[in-house]
Amino acid sequence: MTVAVGGRRVLGDLAAAARLTWESGRGVVLGYAAVTAVAGLLPVAAAWCTKVLLDRLDGGAAGDRWSLLPVAVGLAAVGLLGGLLPVVGQYLRARLDRVVGVLSMDRLYQAMNRLSGIGRLEDPAFRDQLRMAQQAGRSGPSRLVDDGLGVAQSALTMVGFLGTLLVVNPWMAAVVVASAAPALWAQLRLGRSRADVLWSISPHERREYFYAELLGSLAAAQEIRLLGLGDLFRRRMLVELSAANAAIAGQDRREARTEGLLAGLTAAVAGGGLVWAVLLAAAGRQSIGDVSVFLAAVAGVQLASQGIAHRIGMAHHAMLLFGHYRDIEATVPDLVVATGSGPVPRLRTGIELRDVWFRYGEDQPWVLRGVDLLIPQGRATALVGLNGAGKSTLVKLLCRFYDPTRGAILWDGVDLRELPVAEFREHIGAVFQDYMAYDLSVAENIGLGDVTALDDRPRIVAAADRAGMHPTIDTLPHGYDTWLSRMFVDESDRENPDTGVLLSGGQWQRLALARAFLRDQRDLMILDEPSSGLDAQAEHEVHRRLREHRAHGTSVLISHRLGTVRDADTIVVLAEGRVAEHGTHDELVAADAGYARLFRTQAAGYQDVSP
């Protein structure tokens, strides 16, 4: 990235952060800006009041209390404001963080919802960027505005002191600038270096966080303990932590050397200027108040320059993170957007895959290689094949999580890319192999299958009954209102077993099936290994119910257990991304090809073979 482009990006990020913050709460922003401006001028006002007070005392006005009273009151008022403004500023900053966080996270996930497919979510680089965008979204915009106002506050302090010195003695102003300029330049360089180090260690920090979360994960606990992986992951976590600490330690050493040299240089310049000011005061060419202003100005300008550099460094780091937020917020849809907006018609003829090729990236191998397939309306089509044959990819294309790299998928002759994605998916129900177990109540876990039924308890009960889960639900502490999680349990309720229940894998699979049955009036039902976690009796019962459902609709069934698909109207065998065979179970067995050999292999596993 060139300097010009980088500059435009920085200005664009600052402008975007300012707009977002302003839209979040104009009143809070104005109040915080006013507090910041006043706080920046308070040190100058305090120094000026002190100068006037000392000059009047030195000029023989000690006995004239009425001439000293206004200055003393002003100094007291400055002190009072100095105590109150940080409290008010902290309150406004916290409030700004909250209102900005709500709006920024809302916009971030609006952008995420524009991604109709899942391709980017399966991209590790995008997921890293998303994590950083989530981190920046909550406080990044307000932090950038806060850092900008902090720079402005320090600049006001610096300009105020320099302006005061210009009035008192221009040469003193030059001395103060001479003492502050090297420190400001060096602090700016350190700030950029510090931001670069923080950016460079972010991969180490992410990996450290990953291993730390893994060591405390309930989902991974059994395997980690059984396989003895705890020490391995602990060592890897420490390696990443040590790498990050080494980079930070190097930056700390550079800062200590630089700041030590600057402190000596600044002290020498300031000390020389102080001696000169004292000599001028002794000669009657400067007042005691002038000397006090000079002392305050040296300290104030140095602190202000350090504050400017520190704020700029923090802003630089915040802008790096906020850049990821802006990239995600500006993301464009990942699927072709349909030009038509009319309703998607009910399926009447069938779904056709016409010369469909697909791969997950240009540098990735082909997963599907010219698939031609017809899924007739009202019929059951089964997809079988070895691992890696392309079955799950085909399901992703049918749900339009991806578009084909080549070829087309037609819904009654209309390319899916010409149909609105959200409306098209309203015509589909599915049970995925990797089904979700939501940390919600039983009723909500089922009702999410059709959000219009979340409050329709009879429909939810009927779906659970069809999935064979209703008797189990009746035994739970609160029936359909039982919370299926221990994640959100309060400390006061932790010992109460009724506050949350954990289901078995098979019970969760039945809930996922009930969630799919809630969409039983859809045109297409996709069943991807719907009984993989069930025992033999439960599997038989589930497939009996699925057969009843398939008798009235169009379905695609995927299973490695060929006995569960033998009654499908058509069985399609995929091999190396192509349709190798298709037909009924009897036809494929009679053909004595790959399906027949695979079926006999599985059947032999159930036979009692005597020695």
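Along each chain, the written sequence defines residue order, and numbers are assigned to residues from 1. In view of the model being predicted, local features appear only for residues whose pLDDT reaches at least 70, and side-chain atom pairs are presented and counted only at 80 or more, with totals across whole chains, interfaces and linings using the full set of residues. Hydrogen atoms and water are omitted, and side-chain values are computed over all heavy atoms in the structure.

Draft legend 1. A look at the pairing of strand β7 (residues 524–528). Only protein chains enter the area calculation, which uses a 1.4 Å probe; residues under 20% of their type maximum are buried, those over 50% are exposed, and those in between are partly exposed. Labels follow the DSSP assignment, with helices taken as runs of H or I lasting at least four residues and strands as runs of E lasting at least two, numbered in each case from the N terminus. In terms of burial, β7 is largely enclosed, as five of its five residues are buried. If DSSP finds at least two bridges between two strands, the strands pair. Where strand β6 (residues 428–431) lies against β7, four bridges are found, and the strand directions are parallel. Pairing of Val431 across the sheet is with Leu527, part of β7.

Draft legend 2. Quick look at the side chain of Thr482. With respect to the helices, strands and loops of the structure, Thr482 is situated in the loop between α14 (470–474) and α15 (505–517). Polar contacts here mean pairs of N or O atoms no more than 3.5 Å apart (in protein, one a potential hydrogen donor and the other a potential acceptor; neighbouring residues in sequence count only if both atoms are side-chain atoms). A polar atom in the side chain of Thr482 sits 2.8 Å from the backbone nitrogen of His478. Those residues in contact with Thr482 that sit more than four places away from it in its chain are Leu440, Ser441, Val442, Leu476, Pro477 and Val501. Note on definitions: a residue-residue contact is assigned when non-hydrogen atoms from the two residues lie within 4.5 Å.

Draft legend 3. Geometry of the nonpolar core. Definition used in this section: a nonpolar core is a set of buried Ala, Val, Leu, Ile, Met, Phe, Trp, Tyr and Cys residues joined via side-chain atoms within 4.5 Å. The biggest cluster of nonpolar side chains holds 39 residues, and the ones touching the most others in it are Ile446 and Leu511. Taken together, the elements giving at least two residues each to this core come down to β3 (380–384), α12 (442–447), α13 (457–466), α15, β7, α16 (536–550), β9 (570–575) and α18 (594–604). With six residues, the single largest contributor to this core is α15. When neighbours within four sequence positions are excluded, Leu511 is seen to be in contact with Val442, Asn445, Ile446, Met469, Ile473, Leu484 and Leu503. Counting residues in each nonpolar core, the second largest holds 31 residues, with Val395, Ile409, Trp411 and Leu419 among its members.

Draft legend 4. Focus on the packing of aromatic side chains. The rule is short: rings of Phe, Tyr and Trp, with Trp giving its six-membered ring, pair when the centres are within 6.5 Å, and they are stacked under 30 degrees, edge-to-face over 60, tilted in between. Scanning all chains against the criterion turns up ten aromatic pairs. When the centroid spacing of 5.2 Å and the interplanar angle of 85 degrees are considered together, the rings of Tyr360 and Tyr402 count as edge-to-face. Separated by 42 residues along the polypeptide, Tyr360 in the loop between β1 (350–358) and β2 (368–376) and Tyr402 in the loop between α10 (391–398) and β4 (406–411) bring together distant segments of the chain. What makes Tyr402 buried here is its relative accessible area of 11%. An aromatic cluster is present here, built from Phe210, Tyr211 and Phe233 joined pairwise through their rings. To sit over a ring, a charge needs its Lys NZ or Arg CZ within 6 Å of the ring centre and within 35 degrees of the ring normal. Residue placement shows Arg406 over the ring face of Trp357; its charged tip is 5.2 Å from the ring centre.

Draft legend 5. Up close: the sheet that holds β6. Ordered by their spatial adjacency, six strands build an open sheet running β6-β7-β8-β3-β9-β10, and the pairing between neighbours is mixed. If you trace the sheet from one side to the other, it starts and ends with β6 and β10 (578–583), each paired once. For this sheet the average axis-to-axis angle between neighbouring strands, irrespective of direction, equals 20 degrees. Helix axes use the C-alpha atoms of the stretch in contact, all axes being lines fitted to C-alpha atoms, and the angles between their N-to-C directions lie in the range 0 to 180 degrees.

Draft legend 6. Focus on α15. A rise of 1.5 Å per residue sets the reference length of α15, with its 13 residues, at 18 Å; its end C-alpha atoms lie 18 Å apart and thus fit the reference within 8%. The element α15 is extensively covered by neighbouring structure, given that eleven of its 13 residues are classed as buried. Listed as buried for α15 are Gly506, Trp508, Gln509, Arg510, Leu511, Ala512, Leu513, Ala514, Arg515, Ala516 and Phe517. A helix is expected to span 1.5 Å for every residue after the first.

Draft legend 7. Up close: the environment of Asp450. Within the secondary structure, Asp450 is located in the loop between α12 and α13. Since its relative accessible area comes to 10%, Asp450 is described here as buried. Discounting residues that sit within four places of it in the chain, Asp450 has contacts with Arg459, Leu518 and Arg522. Within the structure, Asp450 has its side chain in polar contact with the side chain of Thr452 (distance 2.6 Å).

Draft legend 8. Geometry of the sheet that holds β2. Strand order in the open sheet made by the four strands is β2-β1-β4-β5, with antiparallel pairing throughout. For this open sheet the edge positions go to β2 and β5 (414–415), each flanked by a neighbour on one side alone. In terms of strand pairing, β1 meets β4 through five bridges, oriented antiparallel. Bridged to Glu352 within β4 is Leu410. Most of the contacts of α10 go to β1, to which it runs at about 120 degrees, and overall it touches β1, β2 and β4.

Draft legend 9. Just a nonpolar patch on the surface, in detail. Exposure above 30% relative accessible area and no salt bridge define the residues that can form patches, which grow by joining like charges within 9 Å and nonpolar side chains of Val, Leu, Ile, Met, Phe, Trp and Tyr within 5 Å. With residues, only the protein chains shown are counted as cover, and all accessible areas are computed by Shrake-Rupley using a 1.4 Å probe. Between Lys or Arg on one side and Asp or Glu on the other, a salt bridge is scored when a side-chain nitrogen of the former is within 4 Å of a carboxyl oxygen of the latter. A grouping of Met436, Tyr438, Leu448, Val451 and Leu454 is seen on the molecular surface, where their side chains present a nonpolar patch of about 410 Å² in accessible area. With respect to the secondary-structure elements, Tyr438 resides in the loop between β6 and α12. Looking at Tyr438, the relative accessible area reads 30%, which means it is partly exposed.

Draft legend 10. Just unusual backbone geometry, in detail. Not every positive phi belongs to a glycine, and Asp355 is a case in point at roughly 50 degrees. A positive phi angle is found at Glu576, which is not glycine, with a value near 55 degrees. For Glu576, the location among the structural elements is in the loop between β9 and β10. Residue classification places Glu576 among the exposed residues on the basis of a relative accessible area of 64%.

Draft legend 11. Structural context of the pairing of β3. Among the five residues that make up β3, five are buried, leaving the element largely enclosed by the rest of the structure. Here β3 shows two buried faces, one formed by Ala380, Ala382 and Val384 and the other by Thr381 and Leu383. One ladder, built from four bridges, connects β3 with strand β8 (residues 554–558); its direction is parallel. Bridge pairing in β8 places Ala380 opposite Ser555. Taken together, the four bridges between β3 and β9 define a ladder with parallel strand orientation. Residue pairing for β9: Ala382 is matched across the bridge by Ile571.

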